[in-house]
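Tertiary structure, described
For reference, the chains in residue letters:
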Amino acid sequence: MAGMARAADPSADAQVWSVESAKAVRGLVLDVVSAGKRLVAVGDRGHVLYSDDQGVTWAQAKVPSRQLLTAVFFVDPQHGWAVGHDAQILATADGGATWTKQFEELKRQAPLLDLWFKDTSTGFAIGAYGALLTTTDGGQHWQDVSDRVDNPDQFHFNAIGAVKDAGLFIVGEQGSLFRSRDWGQSWEKVQGPYEGSLFGLLATGEPQTLLVYGLRGNLFRSTDFGDTWANVPLQGPRGPLEFALSGATRLDDGTLVLVGNSGTVLRSKDDGKTFSLFNRPDRLSLSAVTGGAGGTLVVAGQGGVRVTAANGADLGQQQASLQKVGQP
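Residues numbered from 1 in each chain as written. Predicted model: local features only at pLDDT ≥ 70, side-chain atom pairs only at ≥ 80, totals over all residues. Heavy atoms only, no water.

1. Observations regarding the layout of surface pockets
Here the largest pocket is characterised by a volume of approximately 1,300 Å³. Lining the largest pocket are 41 residues; nearest its centre among them are Asp-31, Val-33, Asp-114, Leu-201 and Ala-248. Sorting the residues of the lining of the largest pocket by element identifies strand S2 (29–35), strand S6 (69–74), strand S10 (112–117), strand S14 (157–163), strand S18 (198–203), strand S24 (245–250) and strand S28 (286–291) as the ones contributing at least two each. Broken down by element, the lining of the largest pocket gets its largest block of residues, 6 residues, from S14. Among the residues forming the lining of the largest pocket, the class breakdown is 24 nonpolar, 12 polar and 5 charged. (1 Å grid on protein atoms, 1.4 Å probe; cavity = no way out; pocket = protein on both sides within 12 Å on 5 of 7 lines; lining within 4 Å. Points joined across faces, edges and corners; volume = space filled by probe spheres on them. Helix = DSSP H or I, 4+ residues; strand = E, 2+ residues; numbered from the N terminus. Nonpolar A, V, L, I, M, F, W, Y, C, P; charged D, E, K, R; others polar.)

Structure representation (structure tokens):
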């Protein structure tokens, strides 16, 4: 389905706000990112949390949604977007403290799962059943351009990202891979190395180089924007790693960090050729990770959002708390 997608009517459900809860910081959190010096996390019941002290305390933003929010993306410290169920797209212009609803489409009965913005004007959102939406005016209008992608089986799109000196890349269900050399105007299908679902991708600091990852610890690396792939073997204490991988980040020093089920935390210092493994003792599934202060990590997932040591272990200090609830 292509054409102009209907924007959300802010007056239609202005009374519906995210659920205020002191337990939000320990609820289900699916994504966490840095917005300048601020951390912003999104998750269950429309929860958006932000921290200005590197994750020691968190504030809960007032958000016009109670849907599960699946991903968040910032182009600068002020401007960001989040996506979630009911094909909702939310936007902020103050670093995540306040949000507006830009778009939703209940008839899709399917979530949006990831997003990427080039700048404050141009961006893409992807999701279930091959959904691909784009905007050129900062989200004031969203256009359905799903027909740009050759996806007749309507495989779910799980992640989208930019690859250095190459273009955009999408990974999805049943190992589906797509790339765009013209930054989203046209897409081509890529022959993948794996037939199981892929949940994410991570561009490295090298040109045309990326990792894709998914079910059962499957991780693959390409140095030519997807023309060829090499398996990256992941070894656990009892044999090959078989836990799903769900999120990843590249730290300022070039270290690559991946996280996944059963508290899995992987680190690479060689651009993704090899990884060291740490399994958090709590074994809670992790869905996202970003860099924190002083070499720490900020991880999000089944147990909420927390700050860890560089390898993913607990810091052994007080846990993060929710400092305040509601609009500041």
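So, next bit.
2. Focus on the packing of aromatic side chains
Each aromatic ring pair is characterised by the separation of its centres together with the angle its planes make. Counted under the stated rule, the structure contains 8 aromatic pairs. Ring centres of Trp-116 and Trp-183 lie 6.0 Å apart, and the angle between their planes is 25°; on these two criteria the pair is classed as stacked. Here the residue Trp-116 occupies a position in strand S10, and Trp-183 occupies one in the loop between strand S16 (177–180) and strand S17 (188–190), the gap between them amounting to 67 residues. Its relative accessible area of 34% is what places Trp-183 among the partly exposed residues. Members of the aromatic cluster, connected to one another through ring pairs, are Trp-81, Phe-117 and Trp-142. (Phe/Tyr/Trp six-rings, centres within 6.5 Å; stacked < 30°, edge-to-face > 60°. Buried < 20%, exposed > 50% of the residue type's maximum accessible area, 1.4 Å probe, protein only.)

3. As for unusual backbone geometry
One non-glycine residue, Trp-183, lies in the positive phi region at around 60°. Positive phi values are uncommon outside glycine, yet Phe-225 reaches one of about 60°. Take Phe-225: it is sitting in the loop between strand S20 (219–222) and strand S21 (230–231). Phe-225 gets classed as buried once you look at its relative accessible area, which sits at 0%.

4. Points about empty space enclosed by the protein
Scanning all chains against the criterion turns up 1 cavity of 30 Å³ or more. Of the voids in this model, the largest cavity is the one considered here, and its volume is about 40 Å³. Surrounding the largest cavity, Arg-280, Asp-282, Leu-284, Ser-285, Leu-286, Ala-300, Gly-301, Gln-302, Gly-303, Gly-304 and Arg-306 form its lining. Secondary-structure elements contributing two or more residues to the lining of the largest cavity are strand S29 (297–301) and strand S30 (304–308). Residue composition of the lining of the largest cavity, by class: 3 nonpolar, 5 polar and 3 charged.

5. As for the sheet that holds S17
In space, the 4 strands of this open sheet follow the order S14-S15-S16-S17, with antiparallel pairing throughout. In this open sheet, the two edge strands, each paired with only one partner strand, are S14 and S17. The average angle at which neighbouring strand axes cross in this sheet is 25°, direction not considered. (Pairing = 2+ DSSP bridges. Axes fitted to C-alpha atoms, helices over the stretch in contact; angles between N-to-C directions.)

6. Some details on the nonpolar core
Nonpolar side chains in soluble globular proteins tend to end up buried together. Of all hydrophobic cores here, the largest spans 16 residues; its most connected members are Val-40, Val-48, Val-72, Phe-74 and Trp-99. Elements with a minimum of two residues in this core: S2, strand S3 (38–43), strand S4 (48–51) and S6. Ranked by the residues each element gives to this core, the list is headed by S6, at 3 residues. (Core = buried A, V, L, I, M, F, W, Y, C linked by side-chain atoms within 4.5 Å.)

7. Quick look at the sheet that holds S28
Read across the sheet, 3 strands follow the order S28-S29-S30 without closing on themselves; strand pairing throughout is antiparallel. Only two strands of the sheet have a single neighbouring strand rather than two, namely S28 and S30. Geometrically, the sheet is characterised by an average inter-axis angle of 20° between neighbouring strands, direction not taken into account. In terms of strand pairing, S28 meets S29 through 5 bridges, oriented antiparallel. Bridging across to S29, Thr-290 finds its partner in Val-298.

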